[in-house]
Amino acid sequence: MIVGRMPVLGAFLDDNLWFRNARSVFPSVTRVCTTSVATGAWPGRHGIVNNQFHLGGDLGGPLVDTARIDRLLELKDRAGAIVTADSLGQRLAADGRSMMAIHCGSAGSGLLVNHAVHELGHRTFSVHGADATLTPEIVPDILATCGPLPGDEAPKLDTVAYTGRVATEVALAQDQSDVTLVWLPEPDTSFHFCGIHSDGAEQAMRAADAVFAEILQSIADGPHADTTAIIAMSDHGQIATSALIDLAGLLRADGFRAGHEPDDNTDILLTGGNMGELRPMTPDPRLIADLGRWLMLRDEIGMVFADPARVDGALAPEAVHQTHPRSADLLYVMRSDETAGPGGIPGIGVFTGGVPLGGGMHGGLNRYEMNTVLGFSVPDGRCAADDMPASLIDIAPTVLDLLGANFDSDGRVLPLFEAEQEPALVEIHEAGSGDFRQRLVRSGIGGRSYLIEGGRV
Ligand SMILES: [Zn+2]
């Protein structure tokens, strides 16, 4: 996807250290990924277990939609905390270091990138304005420097360009923080709503590449060029949607009282997309077993995660690091494969909604959803294409290590200066029942298990 479309990023990866097997976390959705970047933790420890999730049992109530700041602040009231792992921002602040984030995703994602930003004295700017950030006091100065906020239609070319201005004219120009994070909304938005193989997506990729070039130039021209590490990353990939099903409707047709919000007609709360949870409103092991069996009988379902002692043929949620008290007892992934989609781009799958049919989607464990961009340019660092496993959870400990700080995280400090000698071990988990068979591939190194890919076989 990069070759021919993002020449500056392509050259950056070729000329520096490129982790070719870098992967996302599960589910491969943005707020889960953002929080894993921010904490160096799997969702089983940081607690943002999906973009949208319900709280079970006594904590029941409305859907936790992590795109919304108000719903995240409610989560703090309902469950005691939003994020349950220490963050990069918190660790930096403990050493008296600063962080600025320029964020163009949802307001919720802008919160999760440095959730304690306000008490730490750090800065987060959301391109959605003062109401969408925990540090609204910095917004007027940025508007004065960079002009009025851009519109919000896909492809978000204006938003991307505006982000470049904030990065180069504010974050890297004045009062530079120890860590600057720039989060572009593209090409994610255009992949979703215009299609992965679309003119809009191509325009968005070129616009993102142009901003990356501006950032590289700004650093090269600035006073800290010799001591600045630059990391280029994406948080997930995408596959094209090839068929749409109404999972809640199918469940109801078969007698399960399933719905997206708690009400008098609902016993089972679900979320959707390329994957989701099925959560009985009151814990019910027999209902979980019935639902697990029902999922495995459907052609559109790719994977089922639940306690295998309860649901024959399921893989344990532990296998994908979904071990948080907030994690649902039953998770499903829609069926996908590596068939070429529109434009010959590999990766298509069934989904339950959220974008137009034919648009791009992510969330599951397809290789093309899980594969991410991860490249490092580090002073005196090595230049290579590295095949070792790497993931979003490694970014925070690696950044902190570059700053001379330890960080107790789930990830490892990536080998920026010398290649690792220890081999990575392939771990294959297979399970199934009847005609349903699923496989999860992980890669182990240093006592950690990175998620590589998974699906129905
Ligand atoms: Zn997305």
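Located above this text is the structure these notes cover.
In short, a report on the structure. Quantities reported herein were computed from a predicted structural model and do not represent experimental measurements.

1. Comments concerning the packing of aromatic side chains
For any two aromatic rings, the description comes down to two numbers: the centre-to-centre distance and the angle of the planes.
Point 1. For the coordinates displayed, the defined rule picks out 6 aromatic pairs.
Point 2. Here the aromatic rings of Phe 26 and Phe 305 are separated by 5.5 Å at their centres, their planes lie at 45°, and the arrangement is tilted. In this pair, Phe 26 sits in the loop between strand 2 (22-23) and helix 2 (30-39) while Phe 305 sits in strand 13 (residues 301-305), placing the two residues 279 residues apart along the sequence.
Point 3. Note on Phe 26: relative accessible area 0%, which makes it buried.
Point 4. By relative accessible area, which is 0% here, Phe 305 ends up buried.
Point 5. Looking at Arg 20, its charged tip hangs above the ring of Trp 18, at a distance of 3.9 Å from the centre.

2. Some details on helix 1 (residues 7-15)
Point 1. Looking only at helix 1, the buried set comprises Leu 9, Gly 10, Phe 12 and Leu 13. Taken down its axis, helix 1 places every buried residue within 160° of arc, on the same side. Facing away from the buried side of helix 1, by more than 90 degrees, are the exposed residues Pro 7, Asp 14 and Asp 15.
Point 2. Residues of helix 1 that are buried make contact with strand 1 (17-19), helix 11 (199-221), strand 8 (230-233) and strand 18 (374-377).

3. Points about the side chain of Ser 449
Point 1. Structurally, Ser 449 can be placed in strand 23 (residues 448-456).
Point 2. At 2.9 Å, the side chain of Ser 449 and the side chain of Glu 427 are in polar contact.
Point 3. Ignoring sequence-local partners within four residues, the contact set of Ser 449 consists of Trp 42, His 321, Glu 427, Arg 442, Ser 443 and Gly 444.

4. Some details on the coordination of the zinc ion
Each donor-metal-donor angle would ideally measure 109.5 degrees in four-coordinate tetrahedral geometry, or 90 or 180 degrees in six-coordinate octahedral geometry.
Point 1. Note on the zinc ion: its protein donors are Asp 188 (OD), Asp 188 (OD), His 192 (NE2) and His 362 (NE2). The metal-donor distances range over 2.1 to 2.4 Å.
Point 2. Around the zinc ion, the 4 donor atoms sit at angles spanning 55 to 152°, and that spread fits a shape best called irregular.
Point 3. Read in sequence order, the donor residues for the zinc ion give the motif D-x3-H-x169-H. With a gap of 174 residues between them, Asp 188 in helix 10 (residues 188-194) and His 362 in the loop between strand 17 (360-361) and helix 14 (367-370) connect regions that are remote in the sequence.
Point 4. The exposure class assigned to Asp 188 is partly exposed, which follows from its relative accessible area of 24%.

Parameters and conventions
Residues numbered from 1 in each chain as written. Predicted model: local features only at pLDDT ≥ 70, side-chain atom pairs only at ≥ 80, totals over all residues. Heavy atoms only, no water. Phe/Tyr/Trp six-rings, centres within 6.5 Å; stacked < 30°, edge-to-face > 60°. Helix = DSSP H or I, 4+ residues; strand = E, 2+ residues; numbered from the N terminus. Buried < 20%, exposed > 50% of the residue type's maximum accessible area, 1.4 Å probe, protein only. Lys NZ or Arg CZ within 6 Å of the ring centre and 35° of its normal. Arc of directions from axis to C-beta. Contact = heavy atoms within 4.5 Å. Polar contact = N/O pair within 3.5 Å; in protein donor to acceptor, adjacent residues only side chain to side chain. Donors = N, O, S within 2.8 Å, 3.2 Å for Na, K, Ca; no water. Tetrahedral: all angles 85-135°; square planar, octahedral: opposite > 155°, others 65-115°.

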